[in-house]
Amino acid sequence: MDIKQQIDLANQEAVSRLIQGDPVLADIAPAGQVIPGLQGRMILHAGPPIPWSAMCGAMRGALIGITLFEGWASSVAEAEALLASGEVSLEPNHHHQAVGPMAGTISPSLPVFVVENRAFGNRAFCRNVEGMQQFGDYSEKALAGLRFWRDVAAPAMAAAVHQAGGISLKPIITQALQMGDELHNRHSASSSLFANALAIPMIQASVPQPQLLQTLGYMIGHNLLFLGLAMAAGKAIADPARDIACSTVVTAMCRNGTEFGIRVSGLGDEWFTAPAPKVDGLYVPGYREEDAGLDMGDSAITETVGWGGFVLGGAPGILTLVGGTAEQALAYTREMAHITVTRHPHYLMPAFDFEGAPLGIDIRKVVQTGITPIIDTAIAHRESGHPKIGGGLVRAPLACFKKALARFGQKYVS
Amino acid sequence: MDDLMALFTGPLIAINVGVRDFGLALEQQDVQVIYVDWSPPAGGDQEMLDLLDQLL
């Protein structure tokens, strides 16, 4: 069998594993209790590995915020000095079966979603989504949001998850895609469906009424509630497709605000990086393009498993957040079919006569066509201390895919 | 030859493959243009083309 045939077989195996993925929310628990290797003074962050000295403003701000939240420092200056000293270990989420939105910071006492892929038995983790601390805002209001999540919402939601015996996420994802969500930045349907699924179990679990009402209010009012679940689900779905010899399928795409990185199934855990691109987007009043930092977050795990920008054509409602026209959104989805291995048989788009989402990014096709994955994303400030400032569209850098293909050649051809 | 000349006696429709500037110049002269997105495989990168020959 020649190498082309071996690659085709390996890629069919990779997408088969992606298709079989069956994500179930099994728990919501403090990260230090559930994430392998997260212990002591350690903070996980988004994107490929990066030292404190090379981090962008928003990433630094988020780390300062989570350090204050943990009580490891009592002032911003103290937190900054501690982080710069190297006494707090900083490691990528992806090295711990985890993902996080924007800066993606996960510390031991922060509750995370625990999603189990019941088809393969692996677990993945993601933190809650909010619009302040993860964007680099370390204000008291931002920290109060984290404390509310830790002390009120997460325990109540965890009680409901336990009561229900886990919440199957695939039916929610399938339905939400047919209700106009793309599962990266538009979660109007999925968040509502998830809140519906949790409401009765939360009452049955006898969560005290004030906590119950506060948590239900939080869930009902949070239109990106499901993003943390979609990301954990994406990671849980993608991980079994790792380490398939000869596969050219991408198993992770992520950004740390300085670099964009990808991993490829047949190339193990090596990162292939390039400078993070600038997002082309729309801004919250009071902010403008000059304020923007570079692309950041692990949330491109959604595109890695065929959601987000890959199904933009089925979710025109998101264009008010990221810009563009409905025709362009349809064109993006058609374009992504040129760089993927197959279509998902269950994640369907009514706007395309129920065609499946383009699935399994093939680095060979990306390099051959020059078409790079399209990602819809939020925008953080280039400096620390700010909340979310906008949203837009960005392309994964072609250089990551060229580097990966060159390494693939070294490993499998010579 | 007659077939070729016939092109210029009827309405002309041009197909522009790749770089759009050529088509835009024709449009400015009231010629109808259909655009085809095209770029050289691997952007013309010979090292990548050699690899793709073996892998795709």
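Residues numbered from 1 in each chain as written. Chains lettered and ligands numbered in written order. Predicted model: local features only at pLDDT ≥ 70, side-chain atom pairs only at ≥ 80, totals over all residues. Heavy atoms only, no water.

S.K.: It is not clear to me how the overall build of chain B should be interpreted in this structure. Could you clarify?
M.R.: Within chain B, the secondary structure is distributed over three helices and two strands. In chain B, the succession of helices and strands from N to C terminus is α-β-α-β-α. A compact globule built from 56 residues should have a C-alpha radius of gyration of about 10 Å, whereas chain B, at 17 Å, is more than 25% larger. Once the C-alpha set of chain B is aligned to its principal axes, its extents read approximately 50 × 25 × 15 Å. Across the 56 residues in chain B, those meeting the buried criterion constitute 20%. Across chain B, the fraction of contacts at a sequence separation of at least 24, relative to all contacts at a separation of at least 6, is 0%. As presented, chain B carries roughly 4,400 Å² of accessible surface, and 59% of it is formed by carbon and sulfur atoms. (Helix = DSSP H or I, 4+ residues; strand = E, 2+ residues; numbered from the N terminus. Rg over C-alpha atoms; globule rule 2.2 N^0.38 Å. Buried < 20%, exposed > 50% of the residue type's maximum accessible area, 1.4 Å probe, protein only. Contact = heavy atoms within 4.5 Å. Areas by Shrake-Rupley, 256 points an atom, 1.4 Å probe, with all protein chains shown as cover.)

S.K.: Would you explain unusual backbone geometry in this entry?
M.R.: Across residues other than glycine, the phi torsion is negative in most instances, and most of the peptide bonds are trans. With a phi angle near 60 degrees, D243(A) is a residue other than glycine that sits in the positive phi range. Residue A42(B) is not a glycine yet carries a positive backbone phi of 55 degrees. Tracing the backbone shows A42(B) in the loop between β2 (32-36) and α3 (46-55).

S.K.: I would appreciate a short explanation of the layout of surface pockets in the present structure.
M.R.: Once rolled over the atoms, a probe with the size of a water molecule shows which space is left empty. Approximately 270 Å³ is the volume attributed to the largest pocket. As for the largest pocket, its lining consists of E335(A), H338(A), Q368(A), T369(A), I371(A), D37(B), W38(B), S39(B), P40(B) and P41(B). Residues that form the lining of the largest pocket fall into these classes: four nonpolar, four polar and two charged. Reported here for the second largest pocket is a volume of approximately 180 Å³. N128(A), V129(A), E130(A), G131(A), G145(A), F148(A), W149(A), Y218(A) and H222(A) are the residues that line the second largest pocket. Among the elements that make up the lining of the second largest pocket, the one with the highest residue count is helix α5 (residues 140-164) of chain A (three residues). (1 Å grid on protein atoms, 1.4 Å probe; cavity = no way out; pocket = protein on both sides within 12 Å on 5 of 7 lines; lining within 4 Å. Points joined across faces, edges and corners; volume = space filled by probe spheres on them. Nonpolar A, V, L, I, M, F, W, Y, C, P; charged D, E, K, R; others polar.)

S.K.: Can you help me understand the nonpolar core in this one?
M.R.: Looking at soluble globular proteins, one finds that nonpolar side chains tend to be buried together. Residues and elements named next belong to chain A. Counting residues in each nonpolar core, the largest one holds 138 residues, and the members touching the most others are M157, I262, W307 and F401. Ranked by residues supplied to this core, first place goes to α5 with ten residues. For F401, the contacting residues outside a window of four places in its chain are V250, M253, I262, I361, I363, V366, V367, P373 and A396. The next biggest cluster of nonpolar side chains, apart from the first, holds ten residues, and it includes A31, I35, L44 and A98. (Core = buried A, V, L, I, M, F, W, Y, C linked by side-chain atoms within 4.5 Å.)

S.K.: Sorry, what's going on with the packing of helix α6 (residues 170-177) of chain A against helix α7 (residues 188-204) of chain A here?
M.R.: Packed helices, taken two at a time, are described by the angle their axes make and the gap between the axes. Residues and elements named next belong to chain A. One can describe the packing of α6 onto α7 by two numbers: an axis separation of 8 Å at closest approach and a directional angle of 145 degrees. For the pair α6 and α7, the sense of crossing is right-handed. For the pair formed by α6 and α7, the contact residues are I172, Q175 and A176 on the first element and A189, S190, L193 and F194 on the second. When its residues are assigned to classes, the contact of α6 with α7 shows five nonpolar, two polar and no charged. (Axes fitted to C-alpha atoms, helices over the stretch in contact; angles between N-to-C directions. Left-handed = near helix turned anticlockwise from the far one by under 90°.)

S.K.: How do you make sense of the domain arrangement of chain A when you look at a structure like this?
M.R.: Often, the extent of an interface is quoted as the loss of accessible area on bringing the components together. Residues and elements named next belong to chain A. For chain A, the assigned domains are domain 1 (21-232) and domain 2 (242-412). Spacing between the C-alpha centres of domain 1 and domain 2 amounts to 21 Å. Facing the 43 residues of domain 1 at the interface are 49 residues of domain 2. Buried area between domain 1 and domain 2, both sides added, is near 3,500 Å², and the carbon and sulfur share of it is 63%. The largest contributions to the domain 1 side of the interface with domain 2 come from H94, M102 and H184, which together make up 18% of the buried area. The interface formed by domain 1 and domain 2 includes zero salt bridges. There are 18 residue pairs in polar contact (both at pLDDT 80 or more) connecting domain 1 and domain 2. Those elements that provide at least two residues to the side of domain 1 that touches domain 2 are α3 (57-70), α6 and α9 (227-238). Residue composition of the side of domain 1 that touches domain 2, by class: 22 nonpolar, 16 polar and five charged. (Domains from an automatic or database assignment. Buried area = accessible area lost by both parts, 1.4 Å probe. Salt bridge = Lys/Arg side-chain N within 4 Å of Asp/Glu carboxyl O. Polar contact = N/O pair within 3.5 Å; in protein donor to acceptor, adjacent residues only side chain to side chain.)

S.K.: Can you walk me through the pairing of strand β16 (residues 390-395) of chain A in this structure?
M.R.: Working note: regular strand, side chains alternate between the two faces of the sheet. All names here are of chain A. Counting buried positions along β16 gives five out of six residues, so the element sits mostly inside the fold. Looking at chain direction, strand β11 (residues 280-283) and β16 are connected through four bridges and run antiparallel. Within β16, the position partnered with D280 by the bridge is L393. (Pairing = 2+ DSSP bridges.)

S.K.: Honestly, helix α12 (residues 326-336) of chain A in this entry has me stumped. Any pointers?
M.R.: For an α-helix, 3.6 residues make a turn, and residues three or four places apart therefore share a direction. Residue and element names in this part refer to chain A. Looking only at α12, the buried set comprises A329, L330, Y332, T333 and M336. One face of α12 carries all of its buried residues, which in axial projection span an arc of 155 degrees. Considering only its buried residues, α12 is in contact with α11 (319-322), β13 (340-349), β14 (355-361), β15 (374-379) and β16. (Arc of directions from axis to C-beta.)

S.K.: How should the interface of chain B and chain A be read in this particular structure?
M.R.: The interface is formed by 13 residues belonging to chain B together with 13 residues belonging to chain A. Carbon and sulfur atoms make up 70% of the area that chain B and chain A hide from each other, which totals about 1,200 Å². The interface formed by chain B and chain A contains one salt bridge. A salt bridge links K402(A) to D45(B); its shortest N-O distance comes to 3.2 Å.

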